[in-house]
Amino acid sequence: MALSDIQDRLLKVEPGVRLAVEVVLVVAIGGLVARMIWLALAPQPAVAAYSERPLPTMQAATAERIDADVSLLVRTNPFEGAGSVTEIVEDAPDTQLNLKLIGLRADSGPNPGTATIVLPNNQQKKFSEGEEVLPGVELKSVLSDRVILNRNGIDEVLRLNNRSGRFSVLDSDGAPAETTSAPPEAVTIQISNPSAVLSAVSLSNARANGRIIGYRLEARGSVERLQGLGFQPGDVLLRINGVSVTDKDPLELMSMIGGDRETRLDIDRAGGPVEVILEIGE
C-alpha cells in the first residue's frame, strides 16, 4: 500500500479520534473541578474513619461497700434544723389509771412539753414535764401522740383517746384499784350570757366520710377562754339539747344555747363522747 493511501485513511479517522480525546479530557477536567469544589465545601470526611475498639470485659466488683445508718430515718427530723437527733423513746404498757389525755404539746425547744389531762375527779388540768399528776405519778415526757407517765419508777403510756377505754384509780398504797368503764361525768360551766360562747369559740364544719357531722370548735383568741367554757380545741359539737346541729347555721346555734337557762351540748372529743352543760346566770 502506498504511503499516500495511509495518509488519506488517517485524515479520515482523525476528526473522530480528536473528538473522543476531547470528550475524555472534558470529563476528566470536570471530575477534577467537581472534586475540588466538594473538598472546599466539605473539608471533613462525611463518615468517620473506622477504628477497631476492644469490647468491654467483665471486671470483678472491687467497689467498697457503703453501710448506711438507716436508724437516722427515725432519729433525725429533716424538717427541724440540720441533722437534729431526737431521742428514741421505747414504748411502755398502757396505763390503767383513771386518767384521760385530751390535749398535748410536744415542744422540741428548751421549753418542756405540756399535756392536758382529765383527772379522776373529772377536773381537767394542764401539766408540764416533770410535774406530779397524781401522788406517785409524774409526767415524764410528752410525745406527738401520747405521754409517758412514771408511776413509782415504772413507765406507763397515756394515749390520746385512751384506746383501751378502761380506767382504774389508785388506792392508798399507790396500786391500781378495781378497773371500771364508767363514762366521764358531764362538765357544768356557768356563763353570764350566750355571747360569751360566740366571742371565745370559732366554728367550722366537721366532716366524716364526706358528710357534715357537726361543728368543730377552735379558740377565737386565747385557748384558756375556750377551755374555761369546758371545751378543748378540736372538739366537735354534735347536738344541742338532743337536737342535731348538722343543718343549723352559727346564728341558730347561738339562739339554741340562749333559749334555755341550761343547755346540754354533746361533744365528740378525740373519738369519745363528752357532755358539757352551760348554765346561764349572773
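None of the values given here were measured: they were computed from a predicted structure.

Novice: It is not clear to me how the overall build of the protein chain should be interpreted in this structure. Could you clarify?
Specialist: In terms of regular secondary structure, the protein chain is built from five helices and 14 strands. Considering the protein chain as a whole, with its 282 residues, one finds that 26% of them fall into the buried category. Put simply, 44% of the contacts in the protein chain that link residues at least 6 apart link residues at least 24 apart. Counting only carbon and sulfur atoms, one obtains 56% of the accessible surface of the protein chain, whose full area is about 19,200 Å².

Novice: Looking at this structure, I do not really get the nonpolar core. What am I missing?
Specialist: In a soluble, globular protein the nonpolar side chains are often hidden away together inside. Of all hydrophobic cores here, the largest spans 23 residues; its most connected members are Phe231, Leu237 and Leu265. Elements with a minimum of two residues in this core: β8 (187-191), α3 (195-200), β10 (211-219), β11 (236-240), α5 (250-258), β13 (262-269) and β14 (272-280). For Leu237, the residues in contact, after removing those within four places along its chain, are Ile213, Gly214, Tyr215, Leu217, Val245, Leu253, Leu265, Asp266 and Ile267. Listed in part, the 15 residues of the second largest apolar core include Leu97, Leu119, Val133 and Val142.

Novice: I would appreciate a short explanation of the sheet that holds strand β2 (residues 114-118) in the present structure.
Specialist: Sheet strands associate in pairs through backbone hydrogen bonding, adopting either a parallel or an antiparallel arrangement. Read from one edge to the other, the open sheet built from three strands follows the order β1-β2-β3, with strand pairing classed as antiparallel. Edge strands, defined here as strands with exactly one partner in the open sheet, are β1 (100-105) and β3 (124-128). Neighbour-to-neighbour, the strand axes of this sheet turn through a mean angle of 25°, independent of strand direction. Inspection of the sheet shows β2 paired to β3 by five bridges, in the antiparallel sense. Each residue of the ladder has a partner; that of Ala115, found in β3, is Phe127.

Novice: For this particular structure, what's the right way to read the confidence of the model for the protein chain?
Specialist: Low pLDDT means the predicted atomic positions in that stretch should not be read closely. Averaged over the protein chain, the pLDDT score is 75; the fraction of residues at 70 or greater is 71%. Below pLDDT 50 for its whole length, residues 80-88 participates in 11 contacts with residues either more than four positions away or in separate chains. In the predicted structure, residues 163-182 sits below a pLDDT of 50 and forms 35 contacts with residues beyond four places in sequence or in another chain.

Novice: What is the right way to look at the sheet that holds strand β7 (residues 154-159) in this model?
Specialist: The four strands lie next to each other as β4-β5-β6-β7, forming an open sheet whose pairing is antiparallel. Single-partner strands in this sheet number two, and they are β4 (132-134) and β7. Pairs of neighbouring strands in the sheet enclose a mean axial angle of 40°, with direction left out of account. Bridge analysis of β4 against strand β5 (residues 137-142) gives two bridges, and the strand direction is antiparallel.

Calculation notes
- Residues numbered from 1 in each chain as written.
- Predicted model: local features only at pLDDT ≥ 70, side-chain atom pairs only at ≥ 80, totals over all residues.
- Heavy atoms only, no water.
- Helix = DSSP H or I, 4+ residues; strand = E, 2+ residues; numbered from the N terminus.
- Buried < 20%, exposed > 50% of the residue type's maximum accessible area, 1.4 Å probe, protein only.
- Contact = heavy atoms within 4.5 Å.
- Areas by Shrake-Rupley, 256 points an atom, 1.4 Å probe, with all protein chains shown as cover.
- Core = buried A, V, L, I, M, F, W, Y, C linked by side-chain atoms within 4.5 Å.
- Pairing = 2+ DSSP bridges.
- Axes fitted to C-alpha atoms, helices over the stretch in contact; angles between N-to-C directions.
- pLDDT = per-residue confidence, 0-100.

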